[in-house]
Amino acid sequence: MSGAWASWERRENEVAGGAGSALLLPGGMCRARQYDDLMAEPALAGVRLVAVTLPGHGGTPAPHDTSVENYARLAAECAAELGCDVVVGHSIGANIALEMAGSGAFAGPVVLLAPCFSREDEAVFLRALDRLAGVLGHLPYSAMLKLVGGMAKQSPLPPDRIASLIADLRRNDPRAMRRAIHDYLRYLDRHGTVAPRLCQTGVPAWVVHGESGDGGMTDAERRTLKACPQVTVVTIPGPSFFTPNEEPALVAELVVEALAKSR
């Protein structure tokens, strides 16, 4: 292991990987253990799964460059050195997986859980925090961390699982959050919408969204994605907040499909 990613926090299952391997990128400000529920799915018993904590998220030291492009480059190096066939990403992790494919750094299938394709898709409160931070610095993010418990409790997950996810979110450094989220929104602004970028990659991709709760999708973006023969759009009925945790069986099924495509 020679890349900068080698020092990242990782969680792996004890499988040789005879049925393939997948790199798992958590949602923004979450840690690798967000994927514990997915790793426990029987459908993935023969699949090697490696979840990583992106630097600067979950209280880990932030890199100098927190752009989506840099995260995608580092994650692609990680996937290559670990021999991963598929990349799964949630939220910001999904956008990083999309950029891995869009930049050509990763050519395998991608499973994108609750990505945002444009600034318009992202939650209003997150866009507001970014604007406030331009005046107040990291203070809006400090306040957000104190309120995150109430926000996360909208999820239907059991209280102990919610508590675990909240604990990881509260470990974040507000200054690192401000930088990472600002750079993420700037990435979306540079492209206007990254839906065409996903289509142009030509790689098999699954886009999973809840009807509400997570990142949205404009009607134009949905039409763009549905016109791409290699992209499958999956809509979860009702609200969705932590897709890998709330819908692990569904995500496992999609990972199996993606591994089949990778062969």
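One can find the structure itself at the top, above this paragraph.
Everything numeric in this text was worked out from a predicted model, so none of it was measured. (Residues numbered from 1 in each chain as written. Predicted model: local features only at pLDDT ≥ 70, side-chain atom pairs only at ≥ 80, totals over all residues. Heavy atoms only, no water.)

Here we come to the environment of Arg 131. Among the structural elements, Arg 131 can be located in helix α4 (residues 124–136). Remark: the alpha-carbon pair of Arg 131 and His 182, spanning 51 residues in sequence, is separated by 9.0 Å. (Helix = DSSP H or I, 4+ residues; strand = E, 2+ residues; numbered from the N terminus.)

Here the structure, examined in full by the defined rule, presents one disulfide. In this model, Cys 199 is linked to Cys 228 through a disulfide, with the two sulfur atoms separated by 1.8 Å. Its S-S torsion of about 90 degrees marks the bond between Cys 199 and Cys 228 as right-handed, since a negative value means left-handed. With a gap of 29 residues between them, Cys 199 in helix α8 (residues 195–201) and Cys 228 in the loop between α9 (219–226) and β7 (231–239) connect regions that are remote in the sequence. The burial state of Cys 199 is the same as that of Cys 228; both residues are buried. Cys 78 provides the cysteine sulfur closest to Cys 84, a residue in no disulfide bond, and the two sulfurs are 6.3 Å apart. (Disulfide = S-S within 2.5 Å. Buried < 20%, exposed > 50% of the residue type's maximum accessible area, 1.4 Å probe, protein only.)

With that settled, consider the sheet that holds β7. Hydrogen bonds between backbone atoms are what pair the strands of a sheet, whose relative direction is either parallel or antiparallel. Strand order across the open sheet formed by seven strands is β1-β3-β2-β4-β5-β6-β7, with mixed pairing between neighbours. The open sheet terminates on both sides in strands that have one partner only, identified here as β1 (10–12) and β7. Strand-to-strand twist of the sheet, defined as the mean angle between neighbouring strand axes without regard to direction, takes the value 15 degrees. In this structure, β1 lies alongside strand β3 (residues 48–52), joined through three bridges in antiparallel fashion. Residue pairing for β3: Glu 12 is matched across the bridge by Val 50. Those strands touched by helix α2 (residues 68–82) are β2 (21–25), β3 and β4 (86–90), and its axis lies near 155 degrees from that of β2. Contacts from α9 reach β6 (205–212) and β7 within the one sheet, and its direction differs from that of β7 by about 140 degrees. (Pairing = 2+ DSSP bridges. Axes fitted to C-alpha atoms, helices over the stretch in contact; angles between N-to-C directions. Contact = heavy atoms within 4.5 Å.)

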